[in-house]
Amino acid sequence: MKRYKMLFVPALLASIASCAGEEPGEVEKLVEAGTVEVSVVAVAETGSQVPARVVARETANLATRGSGTVESVLVDVGSSVRRGQVLVRLDGSGVESAVAQAEAQTVVARRTYERLSNLERDGAATKQELDRAEAALRTADAMLEEATASRDYFVLRAPFDGTVSARYADPGDLAVPGRPVLVITGSRGVKIEADLPAAMADAVKEGDRVSVLAPDAGARWDATVRRVVPVIDLASQRFRVEATFHDTDAVPAAGSFVRLEVPFAAESSVWVPSDAVIRRGQLT
């Protein structure tokens with residue numbers, strides 16, 4: 001029995017000694033912490049990117065100036081149009097009746113004036129009667145001119161060369177003033193529009209060179225700022241900037257969303273070299 005106890009004690013002491021060097025939670029001791037250097041404060045000259053859109057230089061929403069039923073739509077989406085071309089006609093039967101009535105009144109007023117003019121020369125009519133006949137003729141001419149001009153209210157013509165990009169009416173629909181019937185996109189190319197934050201008001205001006213990026217396509221184009229609206233919107237605190245592409249070949253189509261990169265000085269910040277960062281486990 002005594003011999004067994006003597007063997008057990010040395011084994012227990014060896015086990016305790018082996019666990020002493022692996023205390024849970026103990027951090028490795030560093031002989032030397034190391035020396036690090038931090039770079040000087042620098043201003044990061046970066047290009048600030050803001051959302052932008054590509055739009056046509058000319059766009060027109062065509063609506064009628066009078067109410068009426070659409071009689072015919074002579075174009076469709078994608079149709080090329082020329083300036084002055086008739087695109088839509090409304091039912092103008094009422095207008096034609098008004099023109100015919102004004103023409104008849106003008107004929108009667110002119111004959112009356114000519115007859116009284118002859119009678120006034122012969123002394124058979126007074127000057128006052130002739131003046132009334134002349135006033136009636138002028139009124140009839142004005143009414144005829146107004147009725148003739150109203151014909152244009154029932155015809156829509158292309159304001160410039162371009163393409164029909166939207167159509168909102170078919171024959172039989174009711175057209176009312178202010179409601180677009182067609183949208184025409186001009187053929188004079190596209191431009192870029194972007195709303196920049198107010199903080200960049202002094203960072204961009206007309207004539208500046210900027211870059212246009214299409215992140216999805218990985219493409220980039222050079223552009224020039226052509227217009228800066230010097231008014232900041234109260235609600236959004238942004239102002240409008242317009243730019244044009246240097247090269248018009250292979251540019252995004254009107255309606256595309258891109259990003260406008262404008263040179264902008266960021267706030268000062270401290271830069272730390274990557275080799276000056278020491279990591280120990282999850283600590284930096």
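Everything quoted here is computed from the prediction, not taken from an experiment. Every chain begins its residue count from 1, and numbering advances along the sequence as written. Note on the predicted model: pLDDT of at least 70 is required for a residue's local features to be given, and 80 or more for side-chain atom pairs to be given and counted; whole-chain, interface and lining totals, by contrast, use all residues. Only hydrogens and water are set aside when side-chain values are computed; all heavy atoms of the structure are taken into account.

**Description of the overall build of the protein**
Our working definition: Only DSSP runs of H or I covering at least 4 residues are called helices, and only runs of E covering at least 2 are called strands; the numbering of each starts at the N terminus. Accessibility here uses a 1.4 Å probe with only protein chains present; expressed as a share of the type maximum, an area under 20% marks a residue as buried, one over 50% as exposed, and anything in between as partly exposed. Contacts between residues were defined by any pair of non-hydrogen atoms, one from each residue, lying within 4.5 Å. All accessible-area figures derive from a Shrake-Rupley calculation using a 1.4 Å probe, and residue coverage is judged against the displayed protein chains alone.
Secondary structure assignment for the protein yields three helices and 14 strands. Burial status across the protein gives 29% buried among its 284 residues. Within the protein, contacts between residues at least 6 apart in sequence are counted, and of these 73% link residues at least 24 apart. For the protein, the accessible area works out to roughly 19,400 Å², and carbon and sulfur atoms hold 53% of it.

**Quick look at the packing of helix α2 (residues 93-122) against helix α3 (residues 127-149)**
Quick reminder of the rule: In this analysis an axis means a line fitted to C-alpha atoms, helices contributing only their contacting stretch, and an angle means the value between N-to-C directions, from 0 to 180 degrees. Each angle gets one of four labels, with under 35 degrees taken as roughly parallel, over 145 as roughly antiparallel, 65 to 115 as roughly perpendicular, and the rest as oblique. Working rule for handedness: look at the near helix, and if it is turned counterclockwise from the far one by less than a right angle, call the crossing left-handed; if clockwise, right-handed. By the convention adopted, Pro, Cys, Tyr, Trp, Phe, Met, Ile, Leu, Val and Ala count as nonpolar, Lys, Arg, Asp and Glu as charged, and the other residues, Gly among them, as polar.
At a minimum axis separation of 8 Å, α2 and α3 run at an interaxial angle of 160°. Here α2 lies roughly antiparallel to α3, going by the angle between them. With respect to the hand of their crossing, α2 and α3 are arranged in left-handed fashion. A breakdown of the residues in the contact of α2 with α3 according to their chemical character gives 15 nonpolar, five polar and seven charged.

**Notes on the nonpolar core**
Put simply, the rule reads: Among buried residues, the Ala, Val, Leu, Ile, Met, Phe, Trp, Tyr and Cys ones that are joined through side-chain atoms within 4.5 Å form a nonpolar core.
In terms of nonpolar packing, the biggest core is built from 24 residues, with Leu 87, Val 88 and Leu 182 touching the most fellow members. At the level of elements, β2 (59-62), β3 (68-73), β5 (86-90), α2, α3 and β9 (182-186) are the ones that each hand at least two residues to this core. Not counting residues up to four positions away in its chain, the partners in contact with Leu 182 are Ala 60, Asn 61, Leu 62, Val 75, Leu 87, Val 88, Val 164, Ala 166 and Arg 167. Judged by nonpolar contacts, the second largest core, of 23 residues, contains Val 50, Ala 52, Ile 192 and Val 204.

**Overview of the packing of aromatic side chains**
Selection criterion: By convention, a stacked pair of Phe, Tyr or Trp rings (six-membered ring in the case of Trp) has centres within 6.5 Å and planes under 30 degrees apart, an edge-to-face pair has planes over 60 apart, and any other such pair is tilted.
Applying the stated rule across the entire model yields one aromatic pair. Centroid distance Trp 221 to Phe 245: 6.1 Å. Interplanar angle 80°. Geometry classified as edge-to-face. Placement of the pair is Trp 221 in strand β12 (residues 219-228) and Phe 245 in strand β13 (residues 238-245), with a sequence separation of 24 residues. In this pair, the class of Trp 221 matches that of Phe 245, namely buried.

**Quick notes on the sheet that holds β5**
Strand pairing in a sheet takes place through backbone hydrogen bonds and is either antiparallel or parallel in direction. Operational definition: For two strands to pair, DSSP has to find at least two bridges joining them.
Across the sheet, four strands lie side by side as β6-β5-β3-β8; this open sheet has antiparallel pairing. In the strand order of this sheet, the two ends are held by β6 (155-157) and β8 (174-175), each with one partner. Of the strand pairs in this sheet, β3 and β8 are connected by two bridges, and their pairing is antiparallel. Within the sheet, the bridge partner assigned to Gly 68 lies in β8 and is Ala 175.

**Some remarks on the pattern of salt bridges**
Here the idea is simple: oppositely charged side chains can pair when their charged atoms come close. We count it as follows: Here a salt bridge means any side-chain nitrogen of Lys or Arg lying within 4 Å of a carboxyl oxygen belonging to Asp or Glu.
This model, assessed by the stated rule, comprises 16 salt bridges. Of the charged contacts in the structure, one is a salt bridge between Asp 195 and Arg 240, with a shortest N-O distance of 2.6 Å. Residue Asp 195 is found in strand β10 (residues 190-197), and its partner Arg 240 is found in strand β13; the two are separated by 45 residues along the sequence. The partner of Arg 220 in a salt bridge is Glu 261, and the shortest N-O contact between them spans 3.1 Å. Remark: Glu 261 occurs in strand β14 (residues 257-270) and Arg 220 occurs in strand β12; sequence separation between them is 41 residues. On the basis of relative accessible area, Arg 220 is assigned to the partly exposed category, the value being 48%. Each of Arg 53, Lys 191, Glu 193, Asp 195, Arg 227, Arg 240 and Glu 242 takes part in salt bridges that share partners, so that together they form one network.

**Things to note about the side chain of Ser 211**
Relative to the helices and strands, Ser 211 is located in strand β11 (residues 209-214). Ignoring sequence-local partners within four residues, the contact set of Ser 211 consists of Arg 220, Trp 221, Asp 222, Arg 259, Leu 260 and Glu 261.

**Some details on the sheet that holds β2**
Strand order in the open sheet formed by four strands is β2-β9-β7-β4, with antiparallel pairing between adjacent strands. Two strands close off the open sheet at either side, each with one partner strand: β2 and β4 (80-81). As paired elements, β2 and β9 share four bridges and run antiparallel to each other. Paired with Asn 61 across the bridge in β9 is Val 183.

**Some points on α2**
So the rule is basically this: For a helix, the expected span equals 1.5 Å multiplied by the residue count minus one.
Over its 30 residues, α2 extends 45 Å from the first C-alpha to the last, a length consistent with the 44 Å expected when each residue adds 1.5 Å. The set of residues buried in α2 consists of Val 95, Val 99, Ala 102, Thr 106, Ala 109, Leu 116 and Ser 117. Residues of α2 that are buried in the fold lie against α3. Two residues or fewer after α2 comes Gly 123, characterised by a positive phi angle close to 85°.

**With respect to the confidence of the model for the protein**
Stated formally: pLDDT measures the predictor's confidence residue by residue and takes values from 0 up to 100.
Averaged over every residue, the pLDDT of the protein is 82; the share at 70 or more is 80%. Note that pLDDT drops below 50 for residues 1-14; the model gives that stretch zero contacts with residues more than four away or on any other chain.

**A look at the side chain of Lys 191**
Worth spelling out the cut-off: Here a polar contact means two N or O atoms within 3.5 Å. Within protein one must be a hydrogen donor candidate and the other an acceptor candidate, and residues neighboring in sequence count only if both atoms are side-chain atoms.
By secondary structure assignment, the location of Lys 191 is in strand β10. Of the polar contacts made by the side chain of Lys 191, one reaches the side chain of Glu 242; its length is 3.4 Å. Residues within four places of Lys 191 in sequence aside, it is in contact with Arg 53, Val 54, Val 55, Ala 56, Arg 57, Glu 242, Ala 243 and Thr 244.

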